[in-house]
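# A look at the structure
Chain residues, written in single-letter form:
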Amino acid sequence: MTEYAGVGVCAGRVVGPVLAMAPPVSEPEQGAKFDKTATTAEAEAERIKQAASAVRDRLREASKNARVEAQAILQATAGMAADPSLRKGAVKLVTESGMTAERAVWESANTVAEKLAAMGDYMAERVNDINDVRGRVVAELRGEQPPGVPQSETPFILTAVDLAPADTALLDPEKVLALVTSGGGPQSHTAILARTLGLPAIVAAKGVTDIDSDTLVFVDGAAGTLTTEVGAEERQKAEQWKELQKNPLTFDGDGRLSDGYKVQLLANIGSAKDAKKAAAANAEGVGLFRTEFLFLDSKEEPTLKEQEKQYSDVFAEFPDRKVVVRTLDAGADKPLPFLTVDDEPNPALGVRGYRTHDDNPAVLTTQLTAIARAAFFNKAEVWVMAPMIATVGEAKDFVSMCEDAGLKRPGVMIEVPSAALCADKVLGPATFASIGTNDLTQYAMAADRMLGSLAELNDPWQPGVLRLVKATCDGAAVAGGGDPKLRPVGVCGEAAGDPALAVVLVGLGVASLSMTPRSLPAVARVLSTVDLAAVKEIAELALDQESAVDAKEAVRAKLPILEELGL
Ligand code: PEP
Ligand code: MG
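Reading guide: rules and limits
- Residues numbered from 1 in each chain as written.
- Chains lettered and ligands numbered in written order.
- Predicted model: local features only at pLDDT ≥ 70, side-chain atom pairs only at ≥ 80, totals over all residues.
- Heavy atoms only, no water.
- Helix = DSSP H or I, 4+ residues; strand = E, 2+ residues; numbered from the N terminus.
- Rg over C-alpha atoms; globule rule 2.2 N^0.38 Å.
- Contact = heavy atoms within 4.5 Å.
- Areas by Shrake-Rupley, 256 points an atom, 1.4 Å probe, with all protein chains shown as cover.
- Lys, Arg positive; Asp, Glu negative; His and termini not counted.
- Charge placed at Lys NZ, Arg CZ, Asp CG, Glu CD.
- Donors = N, O, S within 2.8 Å, 3.2 Å for Na, K, Ca; no water.
- Buried < 20%, exposed > 50% of the residue type's maximum accessible area, 1.4 Å probe, protein only.
- Pairing = 2+ DSSP bridges.
- Axes fitted to C-alpha atoms, helices over the stretch in contact; angles between N-to-C directions.
- Core = buried A, V, L, I, M, F, W, Y, C linked by side-chain atoms within 4.5 Å.

### Comments concerning the overall build of the chain
- Summing up its helical and strand segments, the chain has 22 helices and 16 strands in all.
- Here the chain has a C-alpha radius of gyration of 25 Å; the compact-globule value for 567 residues is 24 Å, and the two agree.
- Over its C-alpha atoms, taken along the principal directions, the chain stretches across nearly 90 × 65 × 40 Å.
- Within the chain, contacts between residues at least 6 apart in sequence are counted, and of these 67% link residues at least 24 apart.
- For the chain, the exposed area adds up to about 24400 Å²; of that, 51% sits on carbon and sulfur atoms.
- Measuring between centres, the 58 positive side-chain charges of the chain sit 4 Å from its 80 negative side-chain charges.

This is the structure:
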């Protein structure tokens with residue numbers, strides 16, 4: 001038997017045959033020229049145009065039947081296939097150098113990719129997309145199967161190194177039982193999509209691509225393991241999971257421990273569309289509205305009116321409910337062309353988040369004014385927080401800007417260890433804190449959150465991270481004069497959606513948890529099985545462990561409900 005271990009990103013237990021992702025399209029021979037006695041440059045150029053159009057049309061067609069989240073990704077990839085610079089570059093190589101259509105497309109795509117890579121950050125991530133298009137057009141020219149997710153009549157477990165956005169978008173949840181990749185990290189595109197779909201998934205599981213297709217395996221998404229020995233026990237676990245899915249958990253909109261202790265369960269959103277879904281999932285409000293998601297493609301700063309409309313559309317979904325708006329968190333993996341500089345050697349440690357406002361104070365003033373105006377015309381209870389606050393001085397300045405704009409609940413995100421350690425002072429001026437465990441983990445562990453190879457370090461179960469959460473809650477209680485309700489602390493990183501970790505966070509003193517709406521039912525159910533004394537004891541237990549793995553194991557052993565629900 002072989003067991004492969006990675007990072008579980010979405011719970012689920014399934015048995016099924018492996019089907020490996022189609023291998024990438026092989027590179028056409030360097031310097032390959034077309035046979036001038038058999039064809040002409042015009043004919044080769046025509047083949048390129050037709051192949052690019054065919055790929056574009058197929059992706060567009062697929063987008064029509066795709067899930068909502070997938071449509072934009074497919075449209076974007078289709079757009080790249082139709083991109084004139086890719087096609088013109090290839091046609092030029094054919095006509096001027098006599099290259100074969102295949103080689104010309106390959107080289108032209110590489111030139112586009114180099115340009116994107118040089119732009120850095122968000123644009124550099126598009127390199128994967130252009131490479132994906134390159135493979136599709138070359139496969140089309142050769143008359144080969146397109147690269148990517150294999151087609152099968154029967155359900156299968158997909159293994160891959162990682163998935164390109166267009167691949168993930170094309171996943172058919174009816175056919176794909178689980179997804180296991182050897183690369184990718186817990187914050188990767190693949191992981192986020194798997195969570196949105198509720199598809200059992202593991203990332204960073206080294207060696208899984210060596211498993212032969214058709215091998216029967218058992219995948220446990222919560223444990224992060226894939227095993228090639230499928231016995232009676234594994235089959236039973238998979239059956240139990242299937243049974244549980246027939247009556248999926250739901251959330252009634254009121255998060256509480258078993259003794260009635262209140263824990264607000266909120267949603268993370270990036271748009272009004274997300275807000276609608278969150279409201280439909282009975283979220284008690286919004287714990288993180290990532291406003292920068294609205295403007296990732298904007299070259300210019302959005303106007304006051306435009307922003308007011310966008311925020312208003314979100315607030316309208318939550319009358320009389322809390323909506324925590326985060327001011328623009330630009331930089332690192334989310335550059336905004338009108339706000340961030342793109343030539344920093346280490347953008348995650350650079351001018352990002354609240355820091356971008358030093359050189360652009362008017363951008364923050366305009367945003368706060370837009371939020372205040374939208375709040376005035378709606379009934380939502382609007383709270384506002386700044387990302388990446390590191391010092392007491394920054395907290396004071398932000399709070400005073402909020403007050404000037406007429407916003408009554410200013411707060412801070414705790415994502416930088418210094419802010420966690422000085423929470424008693426940072427939460428003097430600020431009225432609440434929300435811990436961004438994704439960034440807090442990457443900064444506490446000095447491990448890039450986007451890197452699959454550092455997934456073990458980049459784990460919010462790390463005792464060092466848990467101690468920073470505790471320091472924040474303890475500091476907030478001091479700032480509130482001993483009453484934690486006066487300076488409530490929430491968590492809005494991915495950690496909040498992990499039901500076992502949610503128990504620990506509440507035990508450490510966290511008052512609200514904000515997550516993708518799909519995670520609400522499981523978190524609510526697990527919290528409802530423990531009382532305040534128990535969560536405190538469990539939190540102490542986690543803090544006392546030497547490693548993330550030990551902490552997780554010790555806590556899971558205290559929560560039998562997790563095993564019962566296959567979480
Ligand atoms: C976080 O860092 O945990 C967080 C919620 O912010 P983001 O993931 O948007 O950086
Ligand atoms: Mg963050």
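On we go from here.
### Topic: the coordination of the magnesium ion (ligand 2)
- Within the protein, the magnesium ion (ligand 2) binds to Glu 415 (OE) and Asp 439 (OD); these donor distances fall in the range 2.0 Å. Residue Glu 415 is located in the loop between β13 (410–414) and α14 (417–421), and its partner Asp 439 is located in helix α16 (residues 437–445); the two are separated by 24 residues in the primary sequence. Taken as a pair, Glu 415 and Asp 439 share a single burial class, namely buried.

### Observations concerning the sheet that holds strand β7 (residues 216–220)
- Strand order in the open sheet made by the 8 strands is β1-β8-β7-β3-β4-β5-β6-β2, with mixed pairing throughout. Single-partner strands in this sheet number two, and they are β1 (3–5) and β2 (7–10). On average, adjacent strands in this sheet sit at an angle of 30° to one another, irrespective of strand direction.
- As paired strands, β1 and strand β8 (residues 225–227) are joined by 3 bridges and run antiparallel to one another.

### Focus on the nonpolar core
- By size, the foremost hydrophobic cluster in this structure holds 96 residues, and its most contacted members are Leu 265, Phe 315, Val 504 and Leu 513.
- Grouped together as the second largest cluster of nonpolar side chains are 31 residues, Ala 104, Trp 106, Val 138 and Ala 139 included.

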